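Take a look at the letters that make up each chain.
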Amino acid sequence: AVVSTQSTGRSNLWPGAFTFGLEKKFENLYIGWGHKYTAESYSPPAPPATQDEYPSGVEVTEVPDPTVDEERALQAVQQEQLAREAEEAEMEDDDDDDE
């Protein structure tokens, strides 16, 4: 006759922890929330009260994004300003060289 021994065990301290074995091999298995057993059930603390929304005034009001045409027009104006400033700086350098 072939005799095989098998056993199972369950933890009273850690619900969800099991051990099972067959002859000389065994395995441990845990399926749970990571809390030890307590007589009273665990209830997490209530979350803090919801904060009020930030007051929005003129200084924080969102504006719509500019269109592609508006962006191109702004870039053209900025390039003209840079060109003017470069010309003025060049004129000042020429004036300094004359002195």
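See the structure shown above.
Residues numbered from 1 in each chain as written. Predicted model: local features only at pLDDT ≥ 70, side-chain atom pairs only at ≥ 80, totals over all residues. Heavy atoms only, no water.

Even after reading the chapter, I still don't get unusual backbone geometry, so can you show me in this structure?
A negative phi angle characterises most non-glycine residues, just as the trans form characterises most peptide bonds. With a phi angle near 55 degrees, Glu23 is a residue other than glycine that sits in the positive phi range. Considering the arrangement of structural elements, one finds Glu23 in the loop between strand 2 (17–22) and strand 3 (25–30). (Helix = DSSP H or I, 4+ residues; strand = E, 2+ residues; numbered from the N terminus.)

How should the sheet that holds strand 3 be read in this particular structure?
Taken in spatial order, the three strands line up as 1-2-3 in an open sheet, and their pairing is antiparallel. Edge positions in the sheet fall to strand 1 (6–10) and strand 3, since each of these pairs with one other strand and no more. Across the sheet, the axes of successive neighbouring strands diverge by a mean angle of 15 degrees, strand direction being ignored. Two elements, strand 2 and strand 3, share six bridges in a ladder whose sense is antiparallel. Counted as the bridge partner of Phe18 is Leu29 from strand 3. (Pairing = 2+ DSSP bridges. Axes fitted to C-alpha atoms, helices over the stretch in contact; angles between N-to-C directions.)

Just to check I follow, could you spell out a nonpolar patch on the surface for this structure?
On the surface, a nonpolar cluster with roughly 280 Å² of combined accessible area is contributed by Leu13, Trp14 and Tyr30. Here Tyr30 is to be found in strand 3. (Patch = residues over 30% accessible without salt bridge, like charges linked within 9 Å, V, L, I, M, F, W, Y side chains within 5 Å. Areas by Shrake-Rupley, 256 points an atom, 1.4 Å probe, with all protein chains shown as cover. Salt bridge = Lys/Arg side-chain N within 4 Å of Asp/Glu carboxyl O.)

Help me out: how do you make sense of the pairing of strand 1 in this one?
Regular strands place their side chains on alternate faces of the sheet. Burial runs low along strand 1: only zero of the five residues are buried. As paired elements, strand 1 and strand 2 share five bridges and run antiparallel to each other. Looking at the pairing, Thr8 lines up with Phe20 of strand 2. Hairpin connection between strand 1 and strand 2: a loop of six residues separates the two successive antiparallel strands, and Gly16 in this loop has a positive phi of roughly 100 degrees. (Buried < 20%, exposed > 50% of the residue type's maximum accessible area, 1.4 Å probe, protein only.)

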